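# Residue-level structural notes
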Amino acid sequence: MSNKIQTLSGYFHEYQKSVLDPETFWARIGESFYWRKQWDETVSWDFEKPDVKWFVNGKLNITENIFERYLHTKGDTPAIIWEPNDPNEANRIVTYRELFEMTNQFCNALKAQGIEKGDRVIIYMPMVPEAAVAMLACARLGAIHSVVFAGFSSSALADRINDCEAKMVLTSDGNYRGAKQIPVKAVVDEAVESTPSIEKVIVLNRTGEEVTMKEGRDIWWHDAIANQSTDFAATEMDSEDLLFILYTSGSTGKPKGVVHTTGGYMVYAEYSFSNVFQYTPGDIYWCTADIGWITGHSYIVYGPLLAGGTTLMFEGVPTFPHAGRFWEIVDKYKVNQFYTAPTAIRALQVHGLEPIQPYSLNSLKVIGSVGEPINEEAWHWYHDHIGKGNCPLVDTWWQTETGGIMISALAGITPNKPAHASLPLPGIQPIIVDAEGNELKGNNVEGNLCIKFPWPSMIRTTYGDHEKCKNVYFSAYKNMYFTGDGAKRDHDGYLRILGRVDDVINVSGHRMGTAEVENAINEHPKVVESAVVGYPHDVKGQGIYAYVICDMTGRTEDSLKAEIKDTVRKIIGPIAKPDMVQIVPGLPKTRSGKIMRRILRKVASKDISNLGDTSTLLNPEVVDDIIKGAGL
Ligand code: PRX
């Protein structure tokens, strides 16, 4: 592809152009796509409101840039290679033509069930090709998809459905996850009891387990597509029409619906994919994320397919039925680019080198990391034992809100530096600021990471609450997008991400808001108050530590702790379950009633050498009780 950078000097040259004249730069990238009508203006933006538009008044359908664009040359090329959870089950290889037909057929099914342009459709599905079909069919029809990770609980699912007033849920009877079988239809049934907007539920037969189908509401996937045509004319979309909503946690309140729109997201998903991974058509690319997260959206489905690539989709988990499962799959399909999270690497590191030994891994050309800072030990293990010391490792920093990779090496082009995301992609203008918002120029500086110019796939709004978008991302610093992360520019000018500077915890690469977990804990009738912080965790990166004030009558400490963990699991899902619960007599508070989390973080990290000034606390005596209770 002509927009692929090939050398380091080429990168610097492109970067320079993208900063000096962003409009010309992005217009050139945009031109390689198929538009029904060309845009009038490349970008219009105002970070105060915020109001950002890319490829203004351009008309297109993103799926025409996958299907109509490639069918004549790649009809028989695998679009999706699917590997099931159980290695004994048959795999599936879905060509571009088959994916096109499945998508069209499902468009017709959605339409027959009453879905129209602009309607919201929830996708709560396992990692099977039909999940990608569901996303693509929504996009082709003009419906807005909102994928919800199928590990979330019924109440978390209901919250998301209600927030975007979705009309339909797409789900399955059950999901396989390692040795477990998860009854997801039952979770959906419970959720939709409190979601008046849902009219229909389409259910894919995956596990064959018994489910209840509510007459008039529920319909099997195979029945919905039966007799539907495999032709469907894509709906014409405006560049700024909503493509999808994806919920993510923040430091306050409930998860926010991050809104991405059609034209800019399309351009950036493909551009970043092709450049970061140096993807060449014919390569087999594998990203181990779940489609419930942004990584799955941009780098399992949209990015690779927009590049005419072959994307591998894996239904299972890294350690089932054995700890060599990932490497077995790499060898089986001769995977060329492999993209995973540090937490998976650390989990596999624990098993030692033996599970890797049966596999050659010599097809690998590029390995990648995403979701959290990768510690140097994991970086070296991944680089040496998986990349065999000769694959570039791309440490990609980005967020649900950024839509695509923002800071990363370009594989084989940017020199590798362990634990450094390194340099921004062309078009991305990161800056480091101090607490007052002053730009810290030059090298050897550390502060908060902001972006000072728009990029095509950036968040447009938070669904149904534009003020929230403004307050969370555009109010901390004037005229800048604030990422919520801290960063350091080292002596070479390479960026290193230091992690969140707000009340967001990154657990196994998943974002959790402390307030969200506290709200769930507080639902337990015996809980008086709680405070949640993150602490360093060997495998998960960060663990969840909950300090809880409880009414203990009729309970033992152990039983109450177990009940509290279970409450969080039920309200949010297993990924939010606290790793540690400490029952405390009180929480350290300032005179204005604010919980002093700094102290709680220190105790949770077992680092009480320097607790700082506690004299301003309303209740300084409680600190000793907490330290004692933590066994320190
Ligand atoms: O703190 C950063 C961390 O993950 C956050 C974004 O989480 P989410 O929206 O769920 O998206 C994850 C996948 C893109 C960021 O604010 N993060 C993500 N990638 C990295 C990272 N931290 C350090 N290094 C990374 N490569």
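Residues numbered from 1 in each chain as written. Predicted model: local features only at pLDDT ≥ 70, side-chain atom pairs only at ≥ 80, totals over all residues. Heavy atoms only, no water.

In this section: the overall build of the chain. For the chain, the helix and strand inventory stands at 18 helices and 29 strands. Its C-alpha atoms give the chain a radius of gyration of 24 Å, near enough to 26 Å, the size a compact globule of 632 residues would have. For the chain, the spread of C-alpha atoms along the three principal axes comes to 75 × 65 × 55 Å. Taking as baseline every contact in the chain between residues at least 6 positions apart, the subset at least 24 positions apart corresponds to 71%. With the model as given, the accessible surface of the chain reaches about 23,300 Å², and the carbon-plus-sulfur share is 49%. (Helix = DSSP H or I, 4+ residues; strand = E, 2+ residues; numbered from the N terminus. Rg over C-alpha atoms; globule rule 2.2 N^0.38 Å. Contact = heavy atoms within 4.5 Å. Areas by Shrake-Rupley, 256 points an atom, 1.4 Å probe, with all protein chains shown as cover.)

With mixed pairing, the seven strands of this open sheet are ordered in space as β5-β4-β17-β16-β18-β19-β20. Each of the sheet's edge strands pairs with one partner strand only, and the pair in question is β5 (92-95) and β20 (393-396). Each strand of the sheet is rotated relative to its neighbour by a mean of 20°, with strand direction disregarded. By the bridge criterion, three bridges tie strand β16 (residues 284-287) to strand β18 (residues 337-340) in an arrangement that is parallel. Pairing of Trp286 across the sheet is with Phe338, part of β18. Where helix α4 (residues 96-112) meets the sheet, its contacts fall on β4 (78-83) and β5, and the angle it forms with β5 comes to roughly 85°. (Pairing = 2+ DSSP bridges. Axes fitted to C-alpha atoms, helices over the stretch in contact; angles between N-to-C directions.)

All right, on to the site of the ligand then. Around the ligand, 17 residues are found, and the nearest of them are Asp395, Thr396, Thr400, Asp485 and Arg511. A distance of 3.4 Å separates a nitrogen atom of the ligand from a polar atom in the backbone of Glu372. Gln399 is positioned such that a nitrogen or oxygen atom in its side chain is 2.9 Å from an oxygen atom of the ligand. Protein burial of the ligand: of its 540 Å² of free accessible surface, 96% is covered by the chains. Contributions of two or more residues to the shell around the ligand are made by α10 (294-306), β20 and β24 (495-500). (Near = heavy atom within 4 Å. Polar contact = N/O pair within 3.5 Å; in protein donor to acceptor, adjacent residues only side chain to side chain.)

Quick look at the sheet that holds strand β22 (residues 445-451) now. Strand order across the open sheet formed by four strands is β21-β22-β23-β24, with antiparallel pairing between neighbours. In this open sheet, the two strands that pair with only one neighbour each are β21 (430-433) and β24. Taken pair by pair, the neighbouring strands of this sheet meet at an average axis angle of 45°, ignoring direction. The pairing of strand β23 (residues 481-489) with β24 spans five bridges and is antiparallel. Bridge pairing in β24 links Gly486 to Gly499.

Under the 1.5 Å per step criterion, the end-to-end length of helix α9 (residues 262-276) is 21 Å for 15 residues, consistent within 8% with the ideal 21 Å. Counting buried residues in α9 gives 15 out of 15 residues, a clear majority hidden from the surface. Directly beyond the C-terminal end of α9, a positive phi value near 50° is found at Gln278. (Expected span 1.5 Å × (residues − 1). Buried < 20%, exposed > 50% of the residue type's maximum accessible area, 1.4 Å probe, protein only.)

The subject of this paragraph is the UniProt feature "domain: AMP-dependent synthetase/ligase" (unreviewed entry) in the chain. In this numbering, the UniProt entry assigns the feature "domain: AMP-dependent synthetase/ligase" (unreviewed entry) to residues 67-454. Here residues 67-454 is 31% helix and 22% strand, with 29 Å between the C-alpha atoms at its ends. (UniProt positions renumbered as here; feature names shortened; annotations may be inferred.)

The UniProt entry lists residues 11-65 under the feature "domain: Acetyl-coenzyme A synthetase N-terminal" (unreviewed entry), expressed in the numbering used here. A helix fraction of 35% and a strand fraction of 25% characterise residues 11-65, whose end C-alpha atoms lie 26 Å from each other.

So, about the packing of helix α3 (residues 67-74) against α4. Across the interface, α3 lies against α4 with an axial gap of 9 Å and an inter-helix angle of 140°. Relative to α4, α3 is oriented oblique. In this structure, α3 crosses over α4, and the sense of that crossing is left-handed. In contact with Phe67, Glu68, Tyr70, Leu71 and Lys74 of α3, α4 contributes Tyr96, Arg97, Leu99, Phe100 and Thr103. Of the residues belonging to the contact of α3 with α4, the class tally is six nonpolar, one polar and three charged. (Parallel < 35°, antiparallel > 145°, perpendicular 65-115°, else oblique. Left-handed = near helix turned anticlockwise from the far one by under 90°. Nonpolar A, V, L, I, M, F, W, Y, C, P; charged D, E, K, R; others polar.)

Here we come to the nonpolar core. In this structure, Phe106, Leu170, Phe277 and Tyr302 are the most contacted members of the largest nonpolar core, which totals 118 residues. Among the elements that take part in this core, helix α5 (residues 129-141) stands out by supplying 10 residues, more than any other. If we ignore the near neighbours within four places in the chain, the residues touching Phe277 are Ser272, Tyr285, Tyr299, Gln337, Tyr339, Val366, Val394, Ile405 and Ala411. Residues Ala150, Cys164, Tyr247 and Ile505 belong to the second largest nonpolar core, which totals 45 residues. (Core = buried A, V, L, I, M, F, W, Y, C linked by side-chain atoms within 4.5 Å.)

Okay, the pairing of β23 next. Across the nine residues of β23, eight count as buried, placing the element largely inside the fold. Summarising the sheet, β22 and β23 pair through six bridges and their orientation is antiparallel. Its bridge partner lying in β23, Asn448 is registered against Gly486.

Looking now at a negative patch on the surface. The grouping of Asp163, Glu165, Asp465 and Glu467 at the surface amounts to a negative patch. With respect to the helices and strands, Glu165 occurs in the loop between α6 (154-164) and β8 (168-172). (Patch = residues over 30% accessible without salt bridge, like charges linked within 9 Å, V, L, I, M, F, W, Y side chains within 5 Å. Salt bridge = Lys/Arg side-chain N within 4 Å of Asp/Glu carboxyl O. Lys, Arg positive; Asp, Glu negative; His and termini not counted. Charge placed at Lys NZ, Arg CZ, Asp CG, Glu CD.)

Before going further, it helps to examine the domain arrangement of the chain. Domain annotation for the chain reports domain 1 (8-487) and domain 2 (508-630). Averaged C-alpha coordinates put domain 1 and domain 2 at centres separated by 32 Å. Taken together, the contact between domain 1 and domain 2 spans 24 residues of the former and 19 residues of the latter. The largest share of the area that domain 1 buries against domain 2 comes from Ser249, Thr343 and Arg346, three residues that together contribute 28% of it. At the junction of domain 1 and domain 2, the tally comes to one salt bridge. Between Glu401 and Arg511 there is a salt bridge whose closest N-O contact spans 2.9 Å. At the junction of domain 1 and domain 2, the tally comes to 11 residue pairs in polar contact (both at pLDDT 80 or more). Among the secondary structure elements, those contributing two or more residues to the side of domain 1 that touches domain 2 are α6 and α12 (342-349). (Domains from an automatic or database assignment. Buried area = accessible area lost by both parts, 1.4 Å probe.)

With that settled, the discussion passes to the state of the cysteines. A disulfide bridge is the covalent bond that connects two cysteines by way of their sulfur atoms. All chains considered together, the criterion is met by zero disulfides. Free cysteine: Cys287, not disulfide-bonded; nearest cysteine sulfur from Cys391 at 17 Å. (Disulfide = S-S within 2.5 Å.)

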